[in-house]
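# Close look at the chain arrangement
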Amino acid sequence: RRFNSQYIVIMAQGRKARLQSDLETVKQFCTSSTLCKVSEYTNESIDLLLVHSQSKIEKSFTIHFMPDYPDGTTLCCGSGDVQVLNKALPFIFCSILTEFCQLHGLPLPDNIPGNHDPLERQVSDCSYVTASDVMSDQDEDEDDDDMGGISQPHPLMEDDLVRVADKFGQPAVDYKLYPSIDEIDVFLNVDIQYILDEDTASAWGVKVDEPIIVFLRFKCMSLYLDGTVPEIKVYQPSNKDNFCLGVQIRKILEVFITTQLKELSCQQVEEFVTSASRGGEVASGGGEDTSKDITVHTVTDEAIARVMALGFEHQQTVDAIIKANGDVGEASMMLSCDQPDDVESVEEDLKKVPNLFLRQTSGAQAQFSDNEEDPKKLPSLANGFLCLVMEYILQRIKTLNEYCVICDEKHVFECSLLKPCVCTRTLCVFSFQTLGVMADAAEAIATDSDVVDLLIAMANAAVCSSRKDVIFDPYPSIVDPRNPSLLALDSKNKNHDQVQKIMRVIVGCRQAAIEGKGTHLKADMDRQNSCAFPLMQWILASNRSHIVLLPPERRIVSMKTQYQFLMVSSPPAKEHAFQKAKSSHGSIYAFHGSAIENWHSIVRKGLLNASGTKFQMHGAAYGKGIYLSPLSSVSCGYTRGNYGKVQEDQQCKGLVGRNNLICMALCEVISHEIKKSGDIWVCPVEDHVCTRFFFVFVPCQCTSHG
């Protein structure tokens, strides 16, 4: 299962060799063609001139190459346009020549370089060696010949790749070798079928039947962990360019891997893996029982590694930890008693030892926890560095929605909902709105106009309500476009009148767009109030629920409204707990009605037990809990709002200009704890109520549906 060095020597071409070959191919074509000329070329660039002889039209291009060709290949047109294409020269040449011929009605030559399937070209002309290529057979001779200067992966990397395959299965890891330039691309294939349910995956833009691929490019594979931090990309095979969740995972891994490599070396990891393996043998029943009160689990990998880092042997370390009942400090003191050095410095030395399980860093870097329930808990290094990365990814994926996509800290509000988003901390708001930091990881502007209008209507109703101080929560934080160093709207200094003023602009412009009177939405808003478009962005990006308009064939016929939505808001952990309870106790569907002003908060914080809190509107005559009903007509009675002096425009189209919309959710509820009083049901456990569908009626549609 080791790398076959002889095969690497035979197969490795290197990127420079590929570039030379591609340059020669294009040059030969241009020499025999009247359409194009090569005026100059080097290993860094090539100048091309395309000529239409009849009209005497000429167009010039310069293609620049980077050391990691074909990555970084750049096309510069004569007009000054610059494009980074990251493709091989023949494909770029074929593209510009094809476009030139089509533009001027010229026949396309049959023998254009690159005029075939790009995947076929990549495979046939590859400058790398894949995992399947270099795996030696069982009968292969292990003795390799002289490598002639070609780099090999560090032995620890070879072992780490094997350990990933052993622990997670062969499909979990793949790699491509670039021996002539001492690089390796490692692909960790994260199977998410058993991590995310279909609703969560859909809300996050993930395909559950495809792995999430974590791409790690080690620029110096012969040094491995002692070299530079690897380049990281995260994607799915069918979505490499717009995988929003991948941006968040990539940022998490960049911080995590950078932090680990500052403290780890190949030697440290190798020693730890070896010691952990031996410790496992001792713990599994190899050793003598030295104390009736001491259990084997007190000898942890963490404790062994920390004490051994002080210079003690493995077996004496294990014995000392057992005697100290797992106390690392006491074990170190025991071992130091027989040493000639000053024992008083042991505790100070211990603090300096890199803790392979709990390392805290300052600044923008992550803090890793030893809490078993914490998804940021640092996994064991017992299976090597790549397994450490893989296990950390699996831990974090389940709870990405609970952390800000920029600072990777828990959201300020305690409850967690489905979609990842930017938190309300001032620095994150500034980074997101002004600098565009992680804009592709946060939820983009909703594309369905009815969902956009619904979210705007909810926010407008909340800020115009007589209860706005309570229910317009969360309050937006918006950077002032005219002075980016200030916040135009600040959650710490609320100004509801200002928000109402901005909302009037948003509603007016959206209504004009629906009626076809507007020209460009952002421009129209900016002319009237520079904060209007940023506030609309915040309304859409801060939504934590997955809301999708149902197509006509999936609508519930008895709910006589065209505004029927799929609404899923439970985070993966809550959904998992719900399904577990459902399998034990069963579930039933029931309606929950609430005024539209309340839904601004609900889609961001979830459906909460408001009984006895400031959010309560209708009392708790039937007990504390979330109120539901099997009849939509009963739930409809709970949907009235408090909109003050705001008048509804009866002539408006769609949802955006209306304030008295009737809103109800159809929820799935765990059966056994429901307290039923006729048609009024109360569920006292928040986690046992999950929204599934959402219905919106305009006032004239508010009828009894039974």
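The residue numbers shown here count from 1 along each chain, following its written sequence. Reporting of local features is limited, given that this is a predicted model, to residues whose pLDDT is at least 70; pairs of side-chain atoms are given and counted only at 80 or more, and all residues count toward the totals for whole chains, interfaces and linings. The side-chain numbers reported here are obtained from all heavy atoms of the structure, hydrogens and water having been left aside.

### Things to note about the packing of aromatic side chains
How two aromatic rings sit relative to each other is given by the distance of their centres and the angle of their planes. Going by this rule: Pairing of aromatic rings covers Phe, Tyr and the six-membered ring of Trp, with a centre-to-centre limit of 6.5 Å; geometry is then stacked below 30 degrees between planes, edge-to-face above 60, and tilted otherwise. Only DSSP runs of H or I reaching four residues or more are called helices, and only runs of E reaching two or more are called strands; each is numbered from the N terminus. Two conditions define a charge sitting above a ring: the NZ of Lys or the CZ of Arg must be within 6 Å of the ring centre, and it must be within 35 degrees of the ring normal.
Scanning the entire structure with this criterion turns up 8 aromatic pairs. Considering the side-chain rings of Y224 and F385, the 6.5 Å spacing of their centres and the 85° angle between planes classify their relative orientation as edge-to-face. Placement of Y224 in the loop between strand 9 (212–218) and strand 10 (231–235) and of F385 in helix 14 (residues 385–397) is noted, with a sequence separation of 161 residues between them. The cationic tip of R396 hangs over the ring face of Y403; the distance from NZ or CZ to the ring centre is 4.8 Å. Against the face of W681 rests K676, its NZ or CZ located 4.5 Å from the ring centre.

### Quick look at unusual backbone geometry
We count it as follows: Using a 1.4 Å probe on the protein chains alone, a residue whose accessible area is under 20% of its type maximum counts as buried, one over 50% counts as exposed, and one in between counts as partly exposed.
Omega for the bond connecting D473 with P474 falls within 30 degrees of zero, at 10°, which places this linkage in the cis form. Mapped onto the elements of the fold, P474 is located in the loop between helix 17 (468–471) and strand 11 (478–479). Even without being a glycine, D182 presents a positive backbone phi close to 60°. Relative to the helices and strands, D182 is located in the loop between strand 7 (173–178) and strand 8 (183–190). A positive phi is found at Y224, a non-glycine position, where the angle reads about 55°. Judged by its relative accessible area of 0%, Y224 is buried.

### Some thoughts on the environment of S45
Spelled out, the test is: The contact rule is simple, with two residues in contact once any of their heavy atoms fall within 4.5 Å.
With respect to the helices, strands and loops of the structure, S45 is situated in strand 2 (residues 45–52). Residues S45 and I63, 18 residues apart in the sequence, show an inter-C-alpha distance of 5.4 Å. Dropping the residues within four chain positions of it, S45 is found in contact with E40, T62, I63, H64 and F65.

### Some thoughts on the packing of helix 18 (residues 496–514) against helix 20 (residues 532–541)
To keep it simple, the criterion reads: Under this scheme, a helix contributes an axis fitted over its contacting stretch, all axes are lines through C-alpha atoms, and angles between N-to-C directions fall in the 0 to 180 degree range. Orientation is classified from the angle alone, with under 35 degrees giving roughly parallel, over 145 giving roughly antiparallel, 65 to 115 giving roughly perpendicular, and any other angle giving oblique. The classification used treats Ala, Val, Leu, Ile, Met, Phe, Trp, Tyr, Cys and Pro as nonpolar, Asp, Glu, Lys and Arg as charged, and all other residues, Gly among them, as polar.
Their axes nearest at 9 Å, the elements helix 18 and helix 20 cross at an angle of 85°. Classified by the angle between their axes, helix 18 and helix 20 sit roughly perpendicular to one another. Where helix 18 approaches helix 20, its residues V499, I502, M503, V505, I506 and R510 are matched on the opposing element by A532, L535, M536 and I539. For the contact of helix 18 with helix 20, the class distribution of residues is 9 nonpolar, no polar and 1 charged.

### Some details on the pattern of salt bridges
Heads up, the condition is: Salt bridge, as used here: a side-chain nitrogen of Lys or Arg that lies within 4 Å of a carboxyl oxygen of Asp or Glu.
Counted under the stated rule, the structure contains 14 salt bridges. Among the salt bridges present, the one from R467 reaches E597, with a minimum N-O distance of 3.3 Å. Within this pair, whereas R467 is found in the loop between helix 16 (449–464) and helix 17, its partner E597 is found in helix 22 (residues 596–605), the two being separated by 130 residues in sequence. E668 serves as the salt-bridge partner of K582, at 2.8 Å between the closest nitrogen and oxygen. Taken together, the positions of K582 in helix 21 (residues 572–585) and E668 in strand 17 (residues 662–670) put the pair 86 residues apart, joining distant regions of the chain. Several salt bridges share partner residues, and in doing so they unite E575, K582, E668 and R692 into one network.

### What about the sheet that holds strand 5 (residues 82–84)?
To keep things clear, this is the line we draw: By this definition, two strands are paired if DSSP reports at least two bridges between them.
Across the sheet, which stays open at both edges, the 5 strands sit in the order 1-2-3-4-5 with antiparallel pairing between neighbours. Strands with a single pairing partner mark the edges of an open sheet, and in this sheet they are strand 1 (36–41) and strand 5. Strand-to-strand twist in this sheet, taken as the mean axis angle between neighbours without regard to direction, amounts to 20°. Note that strand 4 (residues 74–77) and strand 5 share 3 bridges and pair antiparallel. The partner of L75 across the bridge, within strand 5, is Q83. In the packing of helix 3 (residues 89–103) onto the sheet, contacts are made with strand 1, strand 2, strand 3 (57–64) and strand 4, and the angle to strand 2 comes to roughly 20°.

### A word on the sheet that holds strand 18 (residues 675–677)
A sheet is described by the order of its strands in space; here 3 strands give the open sequence 16-19-18, paired in antiparallel fashion. Sheet topology places strand 16 (626–628) and strand 18 at the edges, where each strand pairs with a single neighbour. Ignoring strand direction, the axes of neighbouring strands in this sheet form an average angle of 25°. Pairing of strand 16 with strand 19 (residues 680–683), which is carried by 3 bridges, proceeds in the antiparallel orientation. Of the residues in strand 19, the one forming a bridge with I626 is C683.

### Quick look at the pairing of strand 3
Bridge count for strand 2 against strand 3 is 8 bridges, and the pairing is antiparallel. Bridge pairing in strand 3 links V51 to E58. Of the pairings in the sheet, the one linking strand 3 to strand 4 comprises 4 bridges and is antiparallel in character. Residue pairing for strand 4: I63 is matched across the bridge by L75.

### Here we look at the packing of helix 6 (residues 155–168) against helix 14
The geometry of helix 6 relative to helix 14 is characterised by a closest axis approach of 7 Å and an angle of 45° between their N-to-C directions. Classified by the interaxial angle, the pair formed by helix 6 and helix 14 is oblique. Judged by residue contacts, D160, L161, R163, V164, K167 and F168 of helix 6 engage F385, L386, C387, M390, E391 and L394 from helix 14. Class assignment of the residues belonging to the contact of helix 6 with helix 14 gives a composition of 8 nonpolar, no polar and 4 charged.

### Notes on the confidence of the model for the protein chain
Going by this rule: A residue's pLDDT is the confidence the predictor assigns to it, expressed on a 0 to 100 scale.
On average, residues of the protein chain score 74 in pLDDT, and 69% of them reach the 70 mark or higher. Across residues 281–298, confidence stays below pLDDT 50; counting only partners more than four residues off in sequence or on other chains, it has 12 contacts. With pLDDT under 50 throughout, residues 702–706 is counted as low confidence; its partners more than four residues away or in other chains account for 9 contacts.

### Here's the deal with helix 18
Quick reminder of the rule: An expected span of 1.5 Å times one less than the residue number is assigned to each helix. For the purposes of these results, a polar contact is taken to be a pair of N or O atoms within 3.5 Å, where, inside protein, one atom must be able to donate a hydrogen and its partner to accept one; residues adjacent in sequence count only when each atom of the pair is a side-chain atom.
Along its 19 residues, helix 18 runs 26 Å from first to last C-alpha, staying within 8% of the 27 Å computed at 1.5 Å per residue. Those residues of helix 18 not exposed but buried are H496, V499, Q500, I502, M503, V505, I506, V507, C509, R510 and Q511. On its buried face, helix 18 sits against helix 16, helix 17, strand 12 (487–489), helix 19 (521–528) and helix 20. For helix 18, the N-terminal capping position is held by N495, with its side-chain oxygen 3.3 Å away from the main-chain nitrogen of D497.

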